[in-house]
Amino acid sequence: MSLTIQTFPAGPLETNAYLVIDDATKRALIIDAPMGSTDDVISAAEDAGATIELIYITHAHWDHVGDAAEMKNRTGAPLLAHPLSAPGLTSPGSSALDLPFEIAPAAIDGLVADGETVELGETNFAIMHLPGHEPGHTALYSEADRVFLGGDVLFPNGHGRIDIPGASQTDMAASLKRLAVLPGEVTVYPGHGLPTTIGAEPWLQSYR
Ligand SMILES: [Zn+2]
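As the structure is a computational prediction, the values presented were derived from the model and not from experiment. (Residues numbered from 1 in each chain as written. Predicted model: local features only at pLDDT ≥ 70, side-chain atom pairs only at ≥ 80, totals over all residues.)

Asks: Just checking my understanding: could you explain the sheet that holds strand β8 (residues 123-129) for this structure?
Replies: In any sheet, the strands associate via hydrogen bonds between backbone groups, in a parallel or an antiparallel arrangement. Reading across the sheet, the 6 strands line up as β7-β8-β9-β10-β13-β14 and stay open at both edges, with mixed pairing between neighbours. The sheet is open, and its two edges are formed by β7 (117-120) and β14 (196-197), each paired on a single side. Examined bridge by bridge, strand β13 (residues 187-190) and β14 share 2 bridges and lie antiparallel to one another. The residue bridging T187 from the neighbouring strand is T197, located in β14. (Pairing = 2+ DSSP bridges. Helix = DSSP H or I, 4+ residues; strand = E, 2+ residues; numbered from the N terminus.)

Asks: What is the right way to look at the sheet that holds strand β5 (residues 79-81) in this model?
Replies: One open sheet accounts for 6 strands, arranged β1-β2-β3-β4-β5-β6; its pairing is mixed. Edge positions in the sheet fall to β1 (3-10) and β6 (110-111), since each of these pairs with one other strand and no more. With 5 bridges connecting them, strand β2 (residues 15-22) and strand β3 (residues 27-31) associate as antiparallel partners. Counterpart to I21 in the pairing with β3 is A28. Those strands touched by helix α1 (residues 38-47) are β1, β2, β3 and β4 (51-56), and its axis lies near 20° from that of β2. The sheet strands contacting helix α3 (residues 68-75) are β3, β4 and β5, and the helix crosses β4 at an angle near 155°. (Contact = placed C-beta atoms within 7 Å. Axes fitted to C-alpha atoms, helices over the stretch in contact; angles between N-to-C directions.)

Asks: What exactly am I supposed to notice about unusual backbone geometry here?
Replies: Most peptide bonds take the trans configuration, and most residues that are not glycine carry a negative phi. One non-glycine residue, R146, lies in positive phi territory at about 55°. Examined against the element boundaries, R146 turns out to sit in the loop between β9 (138-142) and β10 (147-151). Take R146: there are 16 C-beta atoms within 10 Å of it, and that puts it in the partly exposed class. (Buried ≥ 20, exposed ≤ 12 C-beta atoms within 10 Å, placed from the backbone.)

Asks: Even after reading the chapter, I still don't get the pairing of β9, so can you show me in this structure?
Replies: Buried residues dominate β9, accounting for 4 of its 5 residues. The pairing of β8 with β9 spans 4 bridges and is classified as antiparallel. Of the residues in β9, the one forming a bridge with M128 is A139. One ladder, built from 3 bridges, connects β9 with β10; its direction is antiparallel. If you follow L140 over to β10, its bridge partner there is L149. Between β9 and the antiparallel strand that follows it, β10, lie 4 residues; R146 among them carries a positive phi value of about 55°.

Asks: Would you mind showing me how to read the nonpolar core here?
Replies: Buried together is how nonpolar side chains tend to be arranged in soluble globular proteins. Ranked by size, the top nonpolar core spans 52 residues in total, and within it V20, I30, Y56, I57, V65, A68 and L149 carry the most contacts. A total of 5 residues in this core trace back to one element, the largest contributor, which is β2. Once residues within four sequence positions are removed from consideration, I30 is found in contact with A17, L19, V41, I52, I55, Y56 and M71. (Core = buried A, V, L, I, M, F, W, Y, C linked by C-beta atoms within 7 Å.)

Asks: Would you explain the environment of Y207 in this entry?
Replies: Position of Y207 relative to the elements: it lies in the segment after β14. The spacing of Y207 and W62 is 145 residues in sequence and 29 Å in space, taken between C-alpha atoms. Filtering out sequence-adjacent residues up to four positions away, Y207 remains in contact with A173, L176, K177 and A180.

Asks: Where do I start with the environment of P190 in this structure?
Replies: When you line up the elements, P190 lands in strand β13. If near-sequence neighbours (up to four positions away) are discounted, P190 is found in contact with N16, G150, L154 and F155.

Asks: Would you mind going over the environment of E134 with me for this structure?
Replies: Secondary-structure assignment places E134 in the loop between β8 and β9. For E134, a count of 31 C-beta atoms within 10 Å translates into the label buried. Sequence separation of E134 and T38 is 96 residues, and the distance between their C-alpha atoms is 24 Å. For E134, the contacting residues outside a window of four places in its chain are H59, A60, H61, S85, G166 and A167.

Honestly, that's just the spatial picture; any functional story needs more than this.
Pasting the structure below:
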C-alpha cells in the first residue's frame, strides 16, 4: 500500500490543499479547499487518473474553506468536517475572525469524530480531534503509511496559532501531547509551508 500526496498552496495565506491518492485503487481525497485551489487540484487528479471521493476539511478558518463550495460543485464529492467547525462552513464570517473576502457557504455532508476511520482504497486514516487552534480541528493519520495530514496544529518549529478567537492554549497542549507519542518517522503535512516529521521537532517532546 502506498500513497501519492501532491501539495497546492493557494490563496492569500498560501494555504495548502493536498490531493491524496491511494496508488493501488486511484481513489483520492482532498484535504482543505483554499481559495483558488480547485482548478489545479482537479487537473492533477485527472492527470493521475484518480477519482476524488471526498473533501476533508481540517478546520473552518476562511483560508482553508474559501473554495469548499466550488470544490463540492465541481467534484460532486461529499464534504467531511467536525461539527464544531460547522459554523465557519455553513455561515462563513460568523466567527469572530475578520473575513477579508466573500466566501460561499458549503454544507457539511458527513460529520466526523475522534477515533473514526476514513477509508481510501487500501488506506485507512484515523481521525484525530485536535482542538486548540480551532475547536473543531481534526487531522488524518495513517499509522501504516506514516502520514499525518495535520492542518494547522503542527508546523516546522512550532504549533498553530492560539492567539486568535476560538483558540485554547490548554486544548493545544493536550493535542500536542497526543502527537508527541507518534513514531518519529511520521511525515507531517501542515496547512501552510513545507512538511516535517515528528522526529524533526524535538520541542514537541516537552508536551509528553
Ligand atoms: Zn487555521
